[in-house]
Amino acid sequence: GSSTKRELSAVDIPSLRYLRAPTPTAIDPRTKRLKLLPNLVELLFTYAFTKRLYNGEWEEDRKGAGSVVFTVSDVLDKSAVLPSMGAAIRKGLENAERVAGVTHAFAVEAVRDTARMLFYHTLSLRALADFQCFLETLAEELREDRRQQRLNLQKRQQQQQQQQARRIENPQTVKSAAKGEADNCIDNEKDELPKTTAKG
């Protein structure tokens, strides 16, 4: 597959608790309920694939794993409403193979993992709870990164303002410092000149 590394921000991270079908086509005309089972399948496939890719330790590189999650899942990345379980699996496989280094055979193993989770409802519930916890922690980590970036920027700006204020208040000190640096350069150049000895 091709590399799909992407930068995420906290606003990209939805909560599984609040995922909603955005279009009327997601309503089953017979039951009048949301047809979200295909979306559930796609989320479970995304979970299984990413956990398998990181050998179950996606916390070690949460941002990298998050990038994979949003590459594979159109439900999370694009608020997609998938028409069928078959479409969910096909789209998941297609997206998974865009991740660098992933083969079709590797992605198919995640389909088998997904089938097992669907067969055992307890596994599905645990997976979704773990997935939600991962997304919430990722969002908080990205928010903290953003806060730290703002603090670092403010600190640099304050330092620049302080330096500029010192130059304005003490122009003579700045000139003396510049002259001192120039004198040091001249002395260093003299020291580096080849020395000659007088012949008697």
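Everything below is about the structure shown above.
Residues numbered from 1 in each chain as written. Predicted model: local features only at pLDDT ≥ 70, side-chain atom pairs only at ≥ 80, totals over all residues. Heavy atoms only, no water.

1. Structural notes on the side chain of Arg62
Stage number 1. For Arg62, the position within the fold is in helix α2 (residues 62-72).
Stage number 2. For Arg62, a relative accessible area of 16% gives the class buried.
Stage number 3. Residues in contact with Arg62, not counting those within four places in the same chain, are Phe134, Thr137, Leu138 and Glu141. (Helix = DSSP H or I, 4+ residues; strand = E, 2+ residues; numbered from the N terminus. Buried < 20%, exposed > 50% of the residue type's maximum accessible area, 1.4 Å probe, protein only. Contact = heavy atoms within 4.5 Å.)

2. Focus on the pattern of salt bridges
Stage number 1. Taken as a whole, this structure holds 12 salt bridges when the rule is applied.
Stage number 2. Asp74 serves as the salt-bridge partner of Lys91, at 4.0 Å between the closest nitrogen and oxygen. Of this pair, Lys91 sits in helix α4 (residues 85-96) while Asp74 is found in helix α3 (residues 74-78), placing the two residues 17 residues apart along the sequence.
Stage number 3. Between Glu140 and Arg143 there is a salt bridge whose closest N-O contact spans 3.2 Å. Here the residue Glu140 and the residue Arg143 both occupy positions in helix α6 (residues 121-169), the gap between them amounting to three residues, near one helical turn. (Salt bridge = Lys/Arg side-chain N within 4 Å of Asp/Glu carboxyl O.)

By themselves, these figures tell us nothing about what the structure is for.
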